[in-house]
Amino acid sequence: MSNPSPDNRYRKNDVLTIGIISKNGIPFLQQCLSSLPADKVGEKPIEVILVDCCSTDETLNTMIKFSKQRSNVRVFKIEGIANAAVARNVVLDHTSGNFLILLDGDTILSREFIDNGIQEIESSSADAVTGALQEQWYDTDNNPQGHLFYRITVEKSSYVRTSGGNIFLGPKALDSGIRFDELLRRGQDRDFTLRLSEHLKILQIPKSMGIHLTHHYYSPKRIKEFYRHSYQRPLGLFLRKHGTHLDRLWLTLKLEIGIVIGFSYYFLLLAGLLLENSLILGSLFVLMTVDYSRFFIQRRTNEFIPIRLVSPIMVTQGLLGIGEIPPVYSIKEINGQ
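Residues numbered from 1 in each chain as written. Predicted model: local features only at pLDDT ≥ 70, side-chain atom pairs only at ≥ 80, totals over all residues. Heavy atoms only, no water.

S.K.: Mind showing me how you'd approach the overall build of the chain here?
M.R.: Summing up its helical and strand segments, the chain has 12 helices and 12 strands in all. For 337 residues, the compact-globule formula gives about 20 Å, and the C-alpha radius of gyration of the chain, at 21 Å, lands near that figure. Each principal axis of the C-alpha atoms in the chain carries an extent, and together these give about 70 × 45 × 40 Å. When burial is assessed residue by residue, the chain has 51% of its 337 residues classed as buried. Sequence-distant contacts in the chain: of pairs separated by 6 or more residues, those separated by 24 or more amount to 78%. Summed over all atoms, the accessible surface of the chain reaches about 16800 Å², with 57% contributed by carbon and sulfur. For the chain, the separation between the mean place of its 38 positive charges and that of its 35 negative charges on side chains is 2 Å. (Helix = DSSP H or I, 4+ residues; strand = E, 2+ residues; numbered from the N terminus. Rg over C-alpha atoms; globule rule 2.2 N^0.38 Å. Buried < 20%, exposed > 50% of the residue type's maximum accessible area, 1.4 Å probe, protein only. Contact = heavy atoms within 4.5 Å. Areas by Shrake-Rupley, 256 points an atom, 1.4 Å probe, with all protein chains shown as cover. Lys, Arg positive; Asp, Glu negative; His and termini not counted. Charge placed at Lys NZ, Arg CZ, Asp CG, Glu CD.)

S.K.: Could you clarify how one ought to interpret the packing of aromatic side chains in this entry?
M.R.: Geometry of an aromatic ring pair is reported as the spacing of the ring centres plus the angle between the planes. Under the counting rule described, the total for this entry stands at 12 aromatic pairs. Through pairs of rings, three or more aromatic residues link up here, namely Tyr217, Tyr218, Phe226, Tyr227 and Tyr231. The aromatic ring of Tyr231 is capped on one face by Arg186, whose charged end is 3.8 Å from the ring centroid. In this arrangement the basic side chain of Arg300 is found over the ring face of Phe295, its NZ or CZ atom lying 4.6 Å from the centre. (Phe/Tyr/Trp six-rings, centres within 6.5 Å; stacked < 30°, edge-to-face > 60°. Lys NZ or Arg CZ within 6 Å of the ring centre and 35° of its normal.)

S.K.: Looking at this model, I keep getting lost on unusual backbone geometry. Mind explaining?
M.R.: Outside of glycine, negative phi angles account for most residues, and trans bonds account for most peptide bonds. For the bond from Ile26 to Pro27, the omega torsion is 15°, close enough to zero to count as cis. Looking at the secondary structure, you find Pro27 in the loop between β1 (13–22) and α1 (29–34). Of note, the phi angle at Ser230 is positive, near 45°, even though the residue is not glycine. On the basis of relative accessible area, Ser230 is assigned to the buried category, the value being 6%. One non-glycine residue, Glu276, adopts positive backbone phi at about 50°. With respect to the secondary-structure elements, Glu276 resides in the loop between α10 (257–275) and α11 (278–297). Exposure remark for Glu276: the relative accessible area of 74% places this residue in the exposed category.

S.K.: Sorry, what's going on with helix α2 (residues 59–69) here?
M.R.: Think of an α-helix as 3.6 residues a turn; residues three or four steps apart then line up on the same face. Among the residues of α2, Thr59, Leu60, Thr62, Met63, Ile64, Phe66 and Ser67 are the ones counted as buried. Those residues of α2 hidden inside the fold are in contact with β1, α1, β3 (44–53), β4 (73–81) and β12 (328–334).

S.K.: Could you clarify how one ought to interpret the nonpolar core in this entry?
M.R.: In globular proteins that are soluble, nonpolar side chains generally tend to be buried together. Membership of the largest hydrophobic core comes to 33 residues, with the highest contact counts inside it found for Leu16, Ile20, Leu36, Leu50 and Phe168. Excluding its chain neighbours within four sequence positions, the residues that come into contact with Ile20 are Leu29, Cys32, Leu33, Leu36, Ile49, Leu50, Val51, Met63, Leu103, Asp104 and Gly105. One finds Ile49, Phe76, Ile178 and Ile202 within the second-largest nonpolar core, a separate group that totals 29 residues. (Core = buried A, V, L, I, M, F, W, Y, C linked by side-chain atoms within 4.5 Å.)

S.K.: What am I meant to see in the confidence of the model for the chain here?
M.R.: Detailed reading of the predicted model is not advised wherever pLDDT is low. When pLDDT is averaged along the chain, the result is 93, and 96% of the positions lie at 70 or above. Scored below 50 in pLDDT, residues 1–11 shows 28 contacts in the model against residues more than four places distant or in partner chains. (pLDDT = per-residue confidence, 0-100.)

S.K.: Which parts of the structure should I look at to understand α10?
M.R.: In this model α10 runs 27 Å from its N-terminal to its C-terminal C-alpha over 19 residues, within 8% of the 27 Å that 1.5 Å per residue would give. Within the sequence span of α10, burial applies to Gly258, Ile259, Gly262, Tyr265, Ala271 and Gly272. One or two steps after α10, the chain reaches Glu276, where phi turns positive at roughly 50°. (Expected span 1.5 Å × (residues − 1).)

S.K.: Can you help me understand a nonpolar patch on the surface in this one?
M.R.: Together, Tyr266, Leu269, Leu273, Leu281 and Ile313 make up a nonpolar patch on the protein surface, roughly 410 Å² of accessible area in all. The greatest single-element share of the nonpolar patch, amounting to three residues, is contributed by α10. As for its placement among the helices and strands, Ile313 is situated in helix α12 (residues 301–319). (Patch = residues over 30% accessible without salt bridge, like charges linked within 9 Å, V, L, I, M, F, W, Y side chains within 5 Å. Salt bridge = Lys/Arg side-chain N within 4 Å of Asp/Glu carboxyl O.)

S.K.: Can you walk me through the packing of helix α6 (residues 188–197) against helix α9 (residues 246–255) in this structure?
M.R.: For any two helices packed against each other, the geometry comes down to the angle between their axes and how far apart the axes lie. In contact at an axis separation of 12 Å, α6 and α9 are set at 140° when each is read in the N-to-C sense. Taken together, the axes of α6 and α9 are oblique relative to one another. Crossing of α6 over α9 shows right-handed handedness. Contacts between α6 and α9 involve Arg190, Leu194 and Arg195 from the first element and Arg248, Leu251, Thr252 and Leu255 from the second. Residue classes in the contact of α6 with α9 are distributed as three nonpolar, one polar and three charged. (Axes fitted to C-alpha atoms, helices over the stretch in contact; angles between N-to-C directions. Parallel < 35°, antiparallel > 145°, perpendicular 65-115°, else oblique. Left-handed = near helix turned anticlockwise from the far one by under 90°. Nonpolar A, V, L, I, M, F, W, Y, C, P; charged D, E, K, R; others polar.)

Written as structure tokens, this is what we have:
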């Protein structure tokens with residue numbers, strides 16, 4: 001399902017919108033909502049748009065409860081088959097202000113990032129702003145696991161081509177009409193910013209956007225989802241879409257170097273078998289042993305098979321267009337007042 005193009009692209013309201021998307025966001029959503037400013041940042045009034053994307057837990061009820069506590073909150077419910085791109089487009093379509101922070105519902109927002117983002121955009125230094133990101137892992141019982149660390153580190157301000165889902169968009173970015181590709185179940189944020197950066201300036205600043213609360217991708221709690229939903233298959237769709245743009249392709253391959261190494265293993269295996277060359281096969285064995293040893297030293301052995309061996313197969317499926325279901329959904333605004 002595709003929505004009609006929104007009719008509010010050229011906004012004049014000096015309003016800061018904070019758009020939060022979430023799917024099955026419990027238990028982290030409440031911490032995200034609690035981090036939001038109350039009603040103003042400086043002289044800018046705030047509006048909050050909450051989007052529940054096909055949740056089966058208490059995400060929607062948590063959003064509705066939050067909306068009853070404030071007069072500046074709108075809640076939208078997506079039903080059917082949808083993804084983060086669909087949810088982010090709902091925010092884009094209903095934003096009334098000229099500044100927008102897109103935020104995942106498992107992230108505690110930093111007020112310092114808001115203030116610096118506004119400053120960079122209003123000074124014309126940037127059309128969109130991203131930053132560093134801290135991360136806290138949780139175990140299967142939702143207790144903090146390990147220490148808070150930086151998932152994304154930024155030493156100095158620089159213009160970038162890609163960003164994750166948390167990003168601050170200014171008036172020019174909003175007025176560009178660029179939307180998230182709803183066919184991309186994953187990687188829609190990278191796709192969006194790649195296209196945005198062709199025309200506008202995305203500035204990455206050495207300020208933390210906030211704290212990402214999560215269960216690690218390869219933890220026991222999430223590894224089943226990794227396999228069941230073919231986690232890396234959308235990367236194949238992404239590569240197929242951008243295959244004619246060599247600069248985008250090269251940038252993406254550098255960011256996905258772990259999977260590229262996995263592809264090289266399959267290439268060497270195939271070459272060794274077809275040529276019946278024991279030297280190639282022996283070299284492959286040595287390379288994989290050294291590589292696995294590195295994972296062992298880093299205490300990441302549980303990631304070796306998913307990243308090096310399974311992900312290339314998933315990406316190949318995506319390149320061939322196998323298994324992806326296009327979104328089919330409906331959107332409803334929930335009046336929680």
